[in-house]
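An overview of the molecular structure
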Amino acid sequence: MSGTALYIVPTPIGNLADITFRALDVLKSVDIILAEDTRTSRVLLNHYNIERPLQSYHIFNEHQAVTRLIDRMKQGERFALISDAGTPGISDPGFLLVRETLKAGLGVDCLPGPTAFIPALIKSGFPTDRFVFEGFLPHKKGRQTALKQLAQEPRTIVLYESPHRLKKLIEELREHLGADRMISVSRELTKRFEETITGSVAEVQASFADREVKGEIVVVIHGQEN
Ligand code: SAM
């Protein structure tokens, strides 16, 4: 572990058992754990009897926090960054701290572990040799342009979407990519009501038509075939 000032530590996306032995070792050994939401992370840390000090690090304070954190790393303190779920830096804060830590000549290590898009991609059954991860599409400005570009994309596409926007997104996919394009919607991965629905845009749309969409969602889109 020597030489590492910052550890990026993935945490479960729903099932508390999805954490590696190494992640637990790192979380038990660092000086401070930086967490997006300290109350959410406390549940996980209590479950595994991890008693290291927690400090909040999130999108609203990351810019002010980074310089101070790097000064502390320079003095020898070691930090772990976790997010509410999955891998920090993937549609979550992390990138800025990693970039600035590296720039300061300090060591960064990222443990492999849970992230929502990989199981969704694999469960889709769509090609995995090449894919693009788009995260959340812009809500307003740039959304239509992004959808137009995605319509031409030959690689498998992975998106994150909130439950209350899923039906709107599927309608937009119908408009831009056509009713026959294959998509796969994974909901509540690793949780009790996990489900994956795969079919044409029209079929998936029909399967969500009569119900309220709840939970966390990953949408996987088959690339455009010529
Ligand atoms: N850092 C996380 C990761 O590595 O996947 C992503 C964080 S992002 C703020 C939250 C989004 O991830 C959710 O809106 C959903 O799109 C996706 N997500 C997280 N957990 C999920 C789960 N259990 N099932 C399906 N999607 C999930």
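See the structure above.
Note that the structure is predicted; figures quoted are calculated from it, not measured. (Residues numbered from 1 in each chain as written. Predicted model: local features only at pLDDT ≥ 70, side-chain atom pairs only at ≥ 80, totals over all residues. Heavy atoms only, no water.)

Structural notes on the side chain of T4
- Residue placement: T4 occurs in strand β1 (residues 4–8).
- Look at T4 and you get buried, because its relative accessible area is 13%.
- With sequence-adjacent residues up to four places away left out, T4 is seen in contact with R78, G107, V108 and D109. (Helix = DSSP H or I, 4+ residues; strand = E, 2+ residues; numbered from the N terminus. Buried < 20%, exposed > 50% of the residue type's maximum accessible area, 1.4 Å probe, protein only. Contact = heavy atoms within 4.5 Å.)

A few points about the sheet that holds strand β2 (residues 32–35)
- Reading across from one edge, β3-β2-β4-β1-β5 is the order of the five strands in this open sheet, with parallel pairing throughout. Taken across any chain shown, the strands that pair with only one partner, and hence form the sheet edges, are β3 (54–56) and β5 (107–110). Strand-to-strand, the axes of this sheet are offset by a mean angle of 25°, without reference to chain direction.
- Bridge count between β2 and strand β4 (residues 79–82): four bridges; the pairing is parallel. Bridging from a neighbouring strand, L34 pairs with L81 of β4. (Pairing = 2+ DSSP bridges. Axes fitted to C-alpha atoms, helices over the stretch in contact; angles between N-to-C directions.)

Describing the layout of surface pockets
- Of the voids in this model, the largest pocket is the one considered here, and its volume is about 540 Å³.
- Considering only residue class, the lining of the largest pocket consists of eleven nonpolar, seven polar and eight charged.
- A domain-level breakdown of the lining of the largest pocket finds at least three residues from each of domain 1 (4–110) and domain 2 (117–221).
- Here the second largest pocket is characterised by a volume of approximately 190 Å³.
- In terms of lining residues, the second largest pocket is bounded by 14 residues, among which P12, L16, T40, L44 and D84 are the most central. (1 Å grid on protein atoms, 1.4 Å probe; cavity = no way out; pocket = protein on both sides within 12 Å on 5 of 7 lines; lining within 4 Å. Points joined across faces, edges and corners; volume = space filled by probe spheres on them. Nonpolar A, V, L, I, M, F, W, Y, C, P; charged D, E, K, R; others polar. Domains from an automatic or database assignment.)

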